[in-house]
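# Reading the structure
Here's the letter readout for the chains.
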Amino acid sequence: MPKVSEVNVNGKDVPIDAEGERTLLSVLRDDLNLTGSKYGCGEGRCGACTVLLDGGPVHSCQVPVGSVGRRKILTIEGLSQDGQLHPLQQAFLDHDAFQCGYCTSGMILFGVALLRKRKSPSEAEIIRFMDGNICRCGTYQRIIAAIKDAAAKISGGAK
Amino acid sequence: MNRVDEFLIEPERYEMFESGRYHFSVDRRQFFKQLGCGLVVLCVVMPTLAQESGGGRRRGGRSPQPPAEIEAWLHIGENSVVTVFTGKAEVGQNIRTSLTQAVAEELRVPANSVRLVMGDTQLTPFDMGTFGSQTTPQMASRLHKIAAAAREALLDLAADHFKTDRASLALSDGKISKSGAAEFVTIGELTKGQKLVKSVTHEGAATPATDWKIAGASLAKVDGRDFVTGKHKYSSDTSLPGMLHGRVLRPTTFQATLQTVETAKAEALPGVKVVRDGDFIGVAAPDVLAAEHAVEAIRAKWTFKPQPSNAELFDYLRKNASQAGGRGAGEATGSIEEGMKAASHKLQATYNIAYIAHAPLEPRAAVASWEGDKLTVWTGSQRPFGVRAELAKAFGIDEKNIRVIVPDTGAGYGGKHTGEAAIEAARLAKGAGKPVKLVWTREEEFTWAYFRPAGVIDINAGVRDDGTITAWECHNYNSGGSGIRSPYEIPNQKSEAHGSDSPLRQGSYRALASTANHFARESHMDDLAAMLKMNPLEFRLKNLKDSRLRAVLEAAAESIGWKTAKGGIGHGFGLAAGAEKGSHLATCVEILADKATGSVKVIRAVSAFDCGAIVNPNHLKNQVEGALVMGLGGALFEAIEFENGMITNPRLSDYRVPRFSDIPKIEVILIDRKDVASAGAGETPIIGIAPAIGNAIFNATNIRLRSMPMVPNGLQG
């Protein structure tokens, strides 16, 4: 796989110098110091490394950086706008929907992807959609509440 | 008040890491210079007290206690910012928040003016480690007292400042004023460019829980914003200039020794450094993938020997059992023989407990950097000072040349007491001559960390027709003695924990053996109730005097609707209760079990919990919920499988942990006992869920499951 010299991350074209077969996760973390995306399992089974590629969630530990091309990468660092938290980030704070916080960025980005697909997801939809993300501390119930809360705030604000 | 022994560190043998005796290695003068002007308050523990609270060390029978030990300190800067220094580590249990509340409460300052420096061996006083649910009963109460002493010192300074009587002064919101007057002075201004140092002992007067305003309230996680924005730097996120990425070559099995190794190919790779030291072989490379490729390029042959497999585990543990030892060992009252004679119903059963993994989402990780013979390591650990001692031993250097920094860590659950990644990263950094980051892969974490002990538990019990338990004998082989003592009133009792030869490396885990011992006991209790045709709740209450345990049991039962709860075929209710480390828990569940498909689904769970005066209700609820979810994994499906020195399910795709689709509706009932000292809450809430589920399965199907996990392959009707 050829070398990659540029990616678009959080709205900016960023120069890099990386072997194409390296994982997107490693490039984000180790080359660009965007460490909000986490290594959890290396096989796409925990969701800690979730980022959005053109708005869709991917496990960045499974994505060779050479396959990203011109697609737009959104990481947790790029989610808030001008210091204003995304409603789901705020909802995580309001519900204390974390303990150690290691799964949080992946949970939030996966949740954001869900809220873009479904304006007010049912509990069953949230569970089905989020089931690939692990919170070993067990705050699932709070995360579900946070997603519902954010959904209500987003659709309330859109009216 | 709680008895001292309830707060002793559990002396399980696998938790007995002897760290070196503490010598104050910080150049204190230098340190205080860095702090700048302001007031420093030191918490000095007198030797007798240090000895009482240091159960682990006392048993180690080491050198005599130093004259006094400093356990925490705080600094009030001229800007009124309060900085607290404690050797405890934040691993997600939210003690950074709860300890902030303790200090803010006593100093009458806003919580956001308090900063905590934690788990840094250069900046914080020695601490044995963050485990055993000790932070709240010990460190929080110490911080209450030193902050209270600091408050008194500030009032003295303010009395001088206003040239008035102390009694006429009021302190709130970080400001001191004469009562009724508008004029005030901030606590930071009081030191007037001086450096003041005050030592206090434990005798300071802390605010009683009934008067708490900041403690006792649901303060949100103090640095929560850093976690939702990805800003927080875990040790695995730490980066240094010129840093390389490490990877260790692991043997093919446990207990293997290196026969031959060929590293030339790896060494020829660009930017790769191979480090070999005895049987340790690792690489440092420019990026993670290059390190992976370098390790793959190494050819090594290992000599290994046959080892037990999980198919024979429980026989093996029993066969290799030793005499009783550890907590609860040989504890006996009355005569089992007499008690069994008096019984009209008898029940003997064996319970098997599998090894399980902590699987913290952040695996072991460390960044190590040498400057000459001085070593600095960032690592996720529950024992920063223990890791420092391990590093000192591994490299033969003085502890004062080592600094271990523990950033708030991606969880531990008792699984991060040891410093493997720190030692490996430091060895690689030494060999490479550059800083090295080492993040264990998930497979390494599942293989080379340690596990919650497996165990075999035998219970033999007798009851009279009226429901009185007459005899109770319990033997635990290998998993430990925590929670082995029955809380029920039984005249003839014997509980023993026996060590064994564990085929796998085992260690601490949230609540230790308490989960296993409660699973066995509370399952057995249900079977006895069934033999007697008694309601399981009534049967427990009949044999229970402990008023706090009765209260949680009644609260949980009422909330789930125990009295009117009607199960049926495939639909059941179950309950369990227990007390550990000064806190009391009852858990009730409602489940659906389908013999035809084998599925077991917990649809509702209620935990009632009493750990004394509540420090932070929302965070406490979060802990109780989280422990229940974690316990559900070990109850239903989590198990480490191994064969001949290899873990055969070392991935999250093979080792099943609870996910969104596994969790029930969880309700938590907190009982706030402001008259009782706060106990820790990170562990005990895990102990009730497994037996409650087992009892509900029995209720729904008439099938009694006596192994944890209960349904790894579904319910086998």
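Residues numbered from 1 in each chain as written. Chains lettered and ligands numbered in written order. Predicted model: local features only at pLDDT ≥ 70, side-chain atom pairs only at ≥ 80, totals over all residues.

Counting secondary structure elements, chain B contains 18 helices and 29 strands. Against the 2.2 N^0.38 benchmark of 27 Å for 717 residues, chain B shows a C-alpha radius of gyration of 27 Å, consistent with a compact globule. Per-residue burial over chain B gives 56% buried out of 717 residues. A fraction of 79% describes how many contacts in chain B between residues 6 or more apart in sequence connect residues 24 or more apart. (Helix = DSSP H or I, 4+ residues; strand = E, 2+ residues; numbered from the N terminus. Rg over C-alpha atoms; globule rule 2.2 N^0.38 Å. Buried ≥ 20, exposed ≤ 12 C-beta atoms within 10 Å, placed from the backbone. Contact = placed C-beta atoms within 7 Å.)

A few words on the interface of chain B and chain A. The interface is formed by 49 residues belonging to chain B together with 45 residues belonging to chain A. By residue number, the principal contributor to the side of chain B that touches chain A is helix α17 (residues 617–636) of chain B, which donates eight residues. Here the residues of the side of chain B that touches chain A are counted per class, giving 21 nonpolar, 18 polar and 10 charged. (Nonpolar A, V, L, I, M, F, W, Y, C, P; charged D, E, K, R; others polar.)

With that settled, consider the sheet that holds strand β2 (residues 12–18) of chain A. Residue and element names in this part refer to chain A. Taken in spatial order, the five strands of this open sheet run β2-β1-β5-β3-β4, and their pairing is mixed. Here the strands that pair on one side only, and so sit at the sheet edges, are β2 and β4 (56–59). Taken pair by pair, the neighbouring strands of this sheet meet at an average axis angle of 40°, ignoring direction. Against the sheet, helix α3 (residues 104–117) engages β3 (50–53) and β4, with an angle of about 35° to β3. (Pairing = 2+ DSSP bridges. Axes fitted to C-alpha atoms, helices over the stretch in contact; angles between N-to-C directions.)

Bringing the packing of helix α2 (residues 87–94) of chain A against α3 of chain A into the picture now. Residues and elements named next belong to chain A. The interhelical angle for the contact between α2 and α3, taken along N-to-C directions, is 130°, at an axis separation of 9 Å. Regarding the angle of α2 to α3, the classification is oblique. When the axes of α2 and α3 are compared, the crossing they make is right-handed. Between α2 and α3, the contacting residues are Leu 88, Gln 89 and Phe 92 on the first element and Thr 104, Ile 108, Gly 111, Val 112 and Leu 115 on the second. (Parallel < 35°, antiparallel > 145°, perpendicular 65-115°, else oblique. Left-handed = near helix turned anticlockwise from the far one by under 90°.)

Residue and element names in this part refer to chain B. Following both chains from N to C, one finds α17 and helix α18 (residues 689–701) inclined at 55°, their axes separated by 8 Å at the closest point. Put simply, α17 runs oblique to α18. Remark: the crossing between α17 and α18 carries right-handed chirality. Contacts from Leu 628, Gly 631, Leu 632, Gly 634, Ala 635 and Leu 636 of α17 reach α18 at Ile 689, Ala 690 and Ile 693. Within the contact of α17 with α18, the residues separate by chemical class into seven nonpolar, two polar and no charged.

Here the focus is the confidence of the model for chain B. Residues and elements named next belong to chain B. Per-chain confidence: chain B averages 90 in pLDDT, with 90% of residues scoring 70 or above. Predicted confidence is poor over residues 47–67, with pLDDT under 50, and the contacts of this stretch with residues over four places away or in other chains come to 24 contacts. Here the predicted complex carries an ipTM of 0.98, next to a pTM of 0.94. (pLDDT = per-residue confidence, 0-100.)

Residues and elements named next belong to chain B. In this model α18 runs 18 Å from its N-terminal to its C-terminal C-alpha over 13 residues, within 8% of the 18 Å that 1.5 Å per residue would give. Among the 13 residues that make up α18, 13 are buried, leaving the element largely enclosed by the rest of the structure. At the exit of α18 stands Asn 702, carrying a positive phi of roughly 70°. (Expected span 1.5 Å × (residues − 1).)

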